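Each chain, written out:
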Amino acid sequence: MTQRIPVVAGNWKMNFDHLEATYFIQKLAWLLRDAHFNYKAADIVIMPPFTSIRSVEVLVEAEKMKISVGAQTVSETAEGAFTGDISAQMLAKLGCSYVIIGHSERRKYHPEDDANLVDKVRAVLAAGMSPILCVGESFEERRQGIELGYAVQQVSDVMRDFSDEEARKVLIAYEPIWAIGTGMVATPQSAQDAAGAIREYFRTTYGESVSESVRILYGGSANASNASSLMEGPDVDGFLVGGASLDAEEFSRIARLTVKSAKDRAHRAA
Ligand code: PEP
């Protein structure tokens with residue numbers, strides 16, 4: 001089995017102005033330093049609102065933290081008369097490495113659908129960053145028992161026309177909508193079932209090598225109490241964390257537990 005580096009990405013949503021963001025990063029730096037956190041063992045990503053990205057980056061650099069910064073959405077267009085939009089090139093130039101695409105809150109409150117999601121993924125890849133494509137069912141699909149097919153279809157609707165090299169750089173976040181911000185969390189088995197089904201899609205579409213490289217995250221009320229058990233499934237490669245990413249202690253605990261779980265899992269598989 002390929003050893004994939006786990007990812008712990010904090011989606012701050014519309015929280016923290018740039019001063020609060022600075023305070024958070026200082027605290028996180030101290031917590032990770034105190035815990036002798038091995039930055040090589042996981043990709044830690046902070047995804048602040050646009051207005052805090054630069055402040056976070058400056059501090060990450062000053063504190064010599066080996067973590068990445070990302071954005072929560074992006075325009076599919078490169079430039080022009082699109083008031084309020086931010087292009088992928090602008091984010092890349094700022095130093096961003098990841099961009100969330102198709103978060104359920106963006107799909108609900110903004111016109112993000114499968115058609116422009118393809119263009120957004122393309123724009124992010126062309127700018128040299130990695131998209132984190134969010135998929136996942138609502139209560140209704142789960143009630144009908146079609147949640148796995150639904151999530152795979154969402155991946156397929158966006159991903160079917162990319163090259164192997166492009167597909168390899170995409171991350172998928174399986175985020176059942178009913179679990180986001182609700183305190184309800186998928187069982188480790190259902191998180192694994194979804195991640196396994198998505199990896200199988202990559203295997204049949206792009207082949208073994210791509211499917212073994214793509215990182216598939218779980219999102220939906222993940223926290224330090226459930227992170228280890230959610231990481232038990234072999235196809236879950238970390239987390240997209242919302243609410244719990246706003247607490248530096250909780251976020252650093254999730255990062256440490258994710259690294260430990262990935263290591264334990266690798267030992268078990270060896
Ligand atoms: C999210 O919004 O991506 C998310 C997973 O939120 P929460 O962890 O708060 O459920």
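One can find the structure itself at the top, above this paragraph.
Predicted model only: the values in this text are computed from it and were never measured. (Residues numbered from 1 in each chain as written. Predicted model: local features only at pLDDT ≥ 70, side-chain atom pairs only at ≥ 80, totals over all residues. Heavy atoms only, no water.)

S.K.: How would you summarise the layout of surface pockets if you had to cite specific residues and measurements?
M.R.: When its volume is computed, the largest pocket comes out at roughly 330 Å³. If you trace the largest pocket, you find 14 residues lining it, with Lys13, Met14, Gln72, Thr73 and Arg106 closest to the centre. Quantified by volume, the second largest pocket comes out at close to 280 Å³. In terms of lining, the second largest pocket is formed by 17 residues, of which the most central are Val74, Ser75, Asp85, Arg106 and Lys120. Of the residues assigned to the lining of the second largest pocket, the class counts are five nonpolar, seven polar and five charged. (1 Å grid on protein atoms, 1.4 Å probe; cavity = no way out; pocket = protein on both sides within 12 Å on 5 of 7 lines; lining within 4 Å. Points joined across faces, edges and corners; volume = space filled by probe spheres on them. Nonpolar A, V, L, I, M, F, W, Y, C, P; charged D, E, K, R; others polar.)

S.K.: Lay out the pattern of salt bridges with the relevant residues and their values.
M.R.: Applying the stated criterion across every chain, the model contains 22 salt bridges. Among the ionic pairs, arginine 33 bridges to glutamate 63, the shortest N-O distance being 2.6 Å. Residue arginine 33 is located in helix H1 (residues 18-34), and its partner glutamate 63 is located in the loop between helix H2 (50-62) and strand S3 (68-71); the two are separated by 30 residues in the primary sequence. On the accessibility criterion, glutamate 63 (24% relative accessible area) is partly exposed. (Salt bridge = Lys/Arg side-chain N within 4 Å of Asp/Glu carboxyl O. Helix = DSSP H or I, 4+ residues; strand = E, 2+ residues; numbered from the N terminus. Buried < 20%, exposed > 50% of the residue type's maximum accessible area, 1.4 Å probe, protein only.)

S.K.: Explain the pairing of strand S6 (residues 171-174) to me, and be specific about the residues and the numbers.
M.R.: Both faces of S6 are covered, namely the face carrying Leu171 and Ala173 and the face carrying Ile172 and Tyr174. With four bridges connecting them, strand S5 (residues 130-135) and S6 associate as parallel partners. Bridging from a neighbouring strand, leucine 133 pairs with isoleucine 172 of S6. Two elements, S6 and strand S7 (residues 216-219), share three bridges in a ladder whose sense is parallel. Counterpart to tyrosine 174 in the pairing with S7 is tyrosine 218. (Pairing = 2+ DSSP bridges.)

S.K.: Talk me through the site of the ligand; I want residue IDs and the actual numbers.
M.R.: Not every one of the 14 residues close to the ligand is listed here, only the nearest: Lys13, His103, Glu175, Gly181 and Ser221. At 2.7 Å, a side-chain N or O of histidine 103 approaches an oxygen atom of the ligand. Across the complex, the protein chains shield 96% of the 290 Å² of accessible surface that the ligand would expose by itself. Residues that form the shell around the ligand fall into these classes: four nonpolar, eight polar and two charged. (Near = heavy atom within 4 Å. Polar contact = N/O pair within 3.5 Å; in protein donor to acceptor, adjacent residues only side chain to side chain. Areas by Shrake-Rupley, 256 points an atom, 1.4 Å probe, with all protein chains shown as cover.)

S.K.: Describe empty space enclosed by the protein, with residues and values.
M.R.: Going through the model one piece at a time under the given rule, you end up with two cavities of 30 Å³ or more. In this model, the second largest cavity occupies a volume close to 50 Å³. Considering the residues around the second largest cavity, the lining is formed by Gly102, Ser104, Arg107, Cys134, Val135, Gly136, Gln154, Glu175, Ile177 and Ile180. Where the lining of the second largest cavity is concerned, the elements lending two or more residues are helix H4 (104-109) and S5.

S.K.: A description of the environment of tyrosine 98 should follow, citing residues and the corresponding values.
M.R.: Mapped onto the elements of the fold, tyrosine 98 is located in strand S4 (residues 98-101). In this structure, the C-alpha to C-alpha distance between tyrosine 98 and leucine 171, residues 73 residues apart in sequence, is 9.2 Å.

S.K.: Could you give an account of the sheet that holds S4, with specific residues and numbers?
M.R.: Ordered by their spatial adjacency, eight strands build a closed barrel running S1-S2-S3-S4-S5-S6-S7-S8, and the pairing between neighbours is parallel. Taking each pair of neighbouring strands and ignoring which way they run, the sheet shows an average axis angle of 25 degrees. Lying on the sheet, helix H12 (residues 248-269) is in contact with strand S1 (7-11), strand S2 (43-47) and strand S8 (238-241); it crosses S1 at an angle near 160 degrees. (Axes fitted to C-alpha atoms, helices over the stretch in contact; angles between N-to-C directions. Contact = heavy atoms within 4.5 Å.)

S.K.: Tell me about H12, and please be specific about residues and values.
M.R.: A rise of 1.5 Å per residue sets the reference length of H12, with its 22 residues, at 32 Å; its end C-alpha atoms lie 32 Å apart and thus fit the reference within 8%. On its buried face, H12 is in contact with S1, H1, S2, helix H11 (227-230) and S8. The N-terminus of H12 is capped by aspartate 247, whose side-chain oxygen sits 2.9 Å from the backbone nitrogen of glutamate 249. (Expected span 1.5 Å × (residues − 1).)

S.K.: Can you tell me about H2, naming the residues and giving the values?
M.R.: Every buried residue of H2 is accounted for by Ser52, Ile53, Val56, Glu57, Leu59 and Val60. For H2, the elements touching its buried residues are H1, S2, S3 and helix H3 (88-94). Lysine 64 sits one or two positions beyond H2 and adopts a positive phi of about 55 degrees.

S.K.: Account for the environment of glycine 95, naming residues and giving values.
M.R.: For glycine 95, the position within the fold is in the loop between H3 and S4. Residues glycine 95 and asparagine 223, 128 residues apart in the sequence, show an inter-C-alpha distance of 27 Å. Residue contacts for glycine 95: discarding those within four places in its chain leaves Glu57 and Val69.

S.K.: Explain the nonpolar core to me, using residue names and the numbers behind them.
M.R.: Ranked by internal contacts, the top residues of the largest apolar core, which has 76 residues, are Met159, Ile172, Phe202 and Tyr218. When near neighbours in sequence (up to four residues on either side) are disregarded, methionine 159 contacts Leu133, Ala167, Val170, Tyr201, Phe202 and Tyr206. Counting residues in hydrophobic clusters, the runner-up holds 12 residues, among them Tyr98, Ile132, Cys134 and Leu171. (Core = buried A, V, L, I, M, F, W, Y, C linked by side-chain atoms within 4.5 Å.)

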